[in-house]
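Each chain, written out:
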Amino acid sequence: MKIDKLSFQIAGQLLDGRKSYREIAQELSVAENTVRSRINKMQQDGVMDIVGRLDVEKIPGHTIVYTGVRLSERDLFSKCQELSELKGVISSAVVTGRFDIILTLLLREGFGLLEFYSNEMSKVDGILSVESFVVYKGTRMMAPYILDPDTLPE
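Procedures and definitions
Residues numbered from 1 in each chain as written. Predicted model: local features only at pLDDT ≥ 70, side-chain atom pairs only at ≥ 80, totals over all residues. Heavy atoms only, no water. Salt bridge = Lys/Arg side-chain N within 4 Å of Asp/Glu carboxyl O. Helix = DSSP H or I, 4+ residues; strand = E, 2+ residues; numbered from the N terminus. Buried < 20%, exposed > 50% of the residue type's maximum accessible area, 1.4 Å probe, protein only. Contact = heavy atoms within 4.5 Å. Domains from an automatic or database assignment.

A. Region of interest: the pattern of salt bridges. Scanning all chains against the criterion turns up eleven salt bridges. One salt bridge in this structure joins Arg36 and Glu32, with 3.1 Å as the shortest N-O distance. One end of the pair, Arg36, and the other, Glu32, are both in helix H3 (residues 32-44), four residues apart, so they sit about a helical turn from each other. Lys123 serves as the salt-bridge partner of Glu120, at 3.3 Å between the closest nitrogen and oxygen. Three or more residues are tied together by salt bridges with common partners; here these are Glu73, Lys79 and Glu82.

B. View of unusual backbone geometry. For Ser29, which is not a glycine, the phi torsion comes out positive at approximately 60°. Assignment of secondary structure puts Ser29 in the loop between helix H2 (21-28) and H3. Its relative accessible area of 67% is what places Ser29 among the exposed residues. A positive phi angle, near 55°, is found at Arg140, a position not held by glycine. For Arg140, the position within the fold is in the loop between strand E5 (127-134) and strand E6 (142-144).

C. Spatial organisation of the side chain of Thr104. Tracing the sequence through the fold places Thr104 in strand E4 (residues 101-108). Residue contacts for Thr104: discarding those within four places in its chain leaves Ile64, Val65, Tyr66, Gly88, Val89, Ile90 and Ser91.

D. Main features of the domain arrangement of the chain. You can read the domains of the chain as domain 1 (5-45) and domain 2 (55-151). If you average the C-alpha positions of domain 1 and of domain 2, the two centres end up 32 Å apart.

What follows is the structure in structure tokens.
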């Protein structure tokens, strides 16, 4: 799908996730059906998703951690995909520099770094080393809530 100026404008309007298609159409001077069909097409093509995100800084007991991963193998893209499916992984990316892959993790009390490394990373072969960067304080640390809320400590 080719993303044109109107598609970018529609996506920008969705920064306020509660804005209706009608409000977006009025603001951009296009038909409501145009907005609806563009959003549906971008979702179908995997170009955009619409999710609720939480400010991790405001959720007690939760934190964002960036983890650099060095691999012993060169099939970076399939390993990146495999790592992205582990519990707690918000995103994974093949990168340049001293790491092969960078993971963005959402961790919480009861599922911290120890549990992530022991229960999740141990499932993946070919990892030479990891280095984690715990975020102590950040800004705009918005993330989808990907952990099972039923397993929250009481």
